[in-house]
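Residue-level listing of the chains:
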Amino acid sequence: MHRLAPLVLACLLGMPFAAHATSLTLYSRLDYAPAVARAFTAKTGIAVRVRRPPPTGLADRIEREGAHPRWALAWFAGTPNAVALDARGLLARHLPVPAGLSPRAAALIPADGSAIPTGLELGGVVLMSKSAPFTPPLHWHGLLAPARRGLTGMADPTTDDAAWGGLASLLATEGWPDGRRFVTAVGGAGLHIYATTADTVAALRSGAIQLALVRSAVAFHVASRIDPSLEAVVPAPAVLMPSLIVMPRHMTPALRRAASAFIAFACSPAGQRAALASDDMDSAFWPVNATVPPPPGLPDLAALAPRDPAAVAANPLPAIAWFAREMVGPGL
């Protein structure tokens with residue numbers, strides 16, 4: 001498939017579209033999606049309707065629509081949805097690569113070009129009280145220390161679309177499938193599994209647990225904006241987790257051009273700043289545009305030497321299915 005040159009996309013973003021231009025429907029649970037959509041509309045004149053499905057309903061909704069999609073863009077935190085939908089042949093491939101992507105972000109584009117990274121997070125970090133009666137874990141193996149047994153919680157990646165990063169971080173100690181041994185050990189040490197990330201954070205703040213394994217954007221936002229008694233700790237090894245944007249395989253040329261323009265905008269300096277300025281639970285991310293600095297308070301990403309998520313598990317779906325079967329169990 002022919003790739004639109006970055007110059008063409010830049011020209012699209014530089015001139016307003018006609019008032020009757022095709023509108024876009026965007027499926028996303030990312031908190032900053034409406035802010036980016038508004039900024040894109042102001043820039044181009046293309047209207048964007050943002051639809052926010054339930055935590056586990058986004059991929060299911062797209063699958064039901066199949067070859068007759070009602071959406072033009074879908075935007076995810078993490079990789080599992082994009083992998084699953086691409087495997088079912090529902091995504092457009094060889095998407096135009098936006099100008100200005102950092103080398104780290106560009107390296108996360110799938111080989112078939114079915115998704116574009118728009119922001120970088122760490123899949124899992126530890127959110128904990130600054131006054132906890134133990135030192136922060138410097139390595140994921142620290143969760144097994146006697147002083148921390150029964151005190152860790154995380155969201156179930158089968159019921160929270162964005163929770164795969166936490167499991168990926170635990171698996172990173174040995175990779176998939178060997179990392180199952182460590183995850184099983186953490187489970188045996190009294191791991192608490194919650195339906196959503198919000199439930200996990202609530203359990204931490206209520207005292208039910210003392211270590212919450214959550215993705216980095218949530219941890220840094222909560223610690224800096226919501227509860228300063230908490231701190232975000234990055235145990236080793238760190239695992240990179242991108243937000244990804246995709247397009248359906250079946251769409252009209254007019255929709256494809258408008259959707260490509262949105263992706264280019266989301267990765268542009270203006271789009272990245274609109275997402276960062278929304279100051280919400282998803283906005284504490286490292287930008288993918290090389291010219292945009294990260295928000296204050298985030299550690300140096302290069303110094304953390306995060307691992308590529310594909311190096312942990314080329315396909316996250318078998319790992320998630322194993323977690324559901326062996327760690328959560330039927331009926332739980």
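Residue positions within a chain follow its written sequence, with the count starting from 1. In keeping with the model being predicted, local features are shown solely for residues with a pLDDT of at least 70 and side-chain atom pairs are shown and tallied solely at 80 or more, while totals for entire chains, interfaces and linings include all residues. Computation of side-chain values: all heavy atoms of the structure, hydrogens and water removed.

Would you explain helix α11 (residues 269-277) in this entry?
Helical geometry: 3.6 residues make up each α-helical turn, so side chains three or four residues apart lie on a common side. Each residue is assigned to one of three classes by its accessible area relative to the maximum for its type, calculated with a 1.4 Å probe on protein chains only: buried under 20%, partly exposed between the two thresholds, exposed over 50%. Here a strand is any run of E in DSSP of at least two residues, a helix any run of H or I of at least four, and the numbering for each starts at the N terminus. Within α11, the full set of buried residues consists of Gly 271, Gln 272, Ala 274, Ala 275 and Leu 276. We call two residues contacting when some pair of their heavy atoms lies within 4.5 Å. Packing partners of the buried residues in α11 comprise α2 (33-44), β4 (116-122), α10 (253-266) and β11 (286-287). Downstream of α11 by one or two residues, Asp 279 has phi in the positive range, about 50 degrees.

What is the right way to look at the sheet that holds strand β6 (residues 152-155) in this model?
Note on sheets: strands pair through backbone hydrogen bonds, and any given pair is parallel or antiparallel. Two strands qualify as a pair provided DSSP detects at least 2 bridges between them. Across the sheet, which stays open at both edges, the five strands sit in the order β7-β6-β8-β5-β9 with mixed pairing between neighbours. Of all the strands in the sheet, the pair left with one neighbour each is β7 (192-194) and β9 (230-233). Here the average twist between neighbouring strands, direction ignored, is 25 degrees. Examined bridge by bridge, β6 and strand β8 (residues 211-214) share three bridges and lie parallel to one another. Residue pairing in the sheet places Met 154 in a bridge with Leu 213 of β8. To get an axis, fit a line to the C-alpha atoms, keeping to the stretch in contact for a helix; angles then go from 0 to 180 degrees between the N-to-C directions. Along the sheet, helix α8 (residues 197-206) contacts β5 (125-129), β6, β7, β8 and β9; its crossing angle with β8, the most-contacted strand, is approximately 160 degrees.

Would you mind showing me how to read the sheet that holds strand β10 (residues 240-246) here?
Taken in spatial order, the six strands make up an open sheet running β2-β1-β3-β10-β4-β11, and their pairing is mixed. With partners counted over all chains shown, the strands left at the sheet margins are β2 (48-51) and β11, one partner each. As paired strands, β4 and β10 are joined by six bridges and run antiparallel to one another. Along β10, the bridge assignment pairs Pro 117 with Leu 244.

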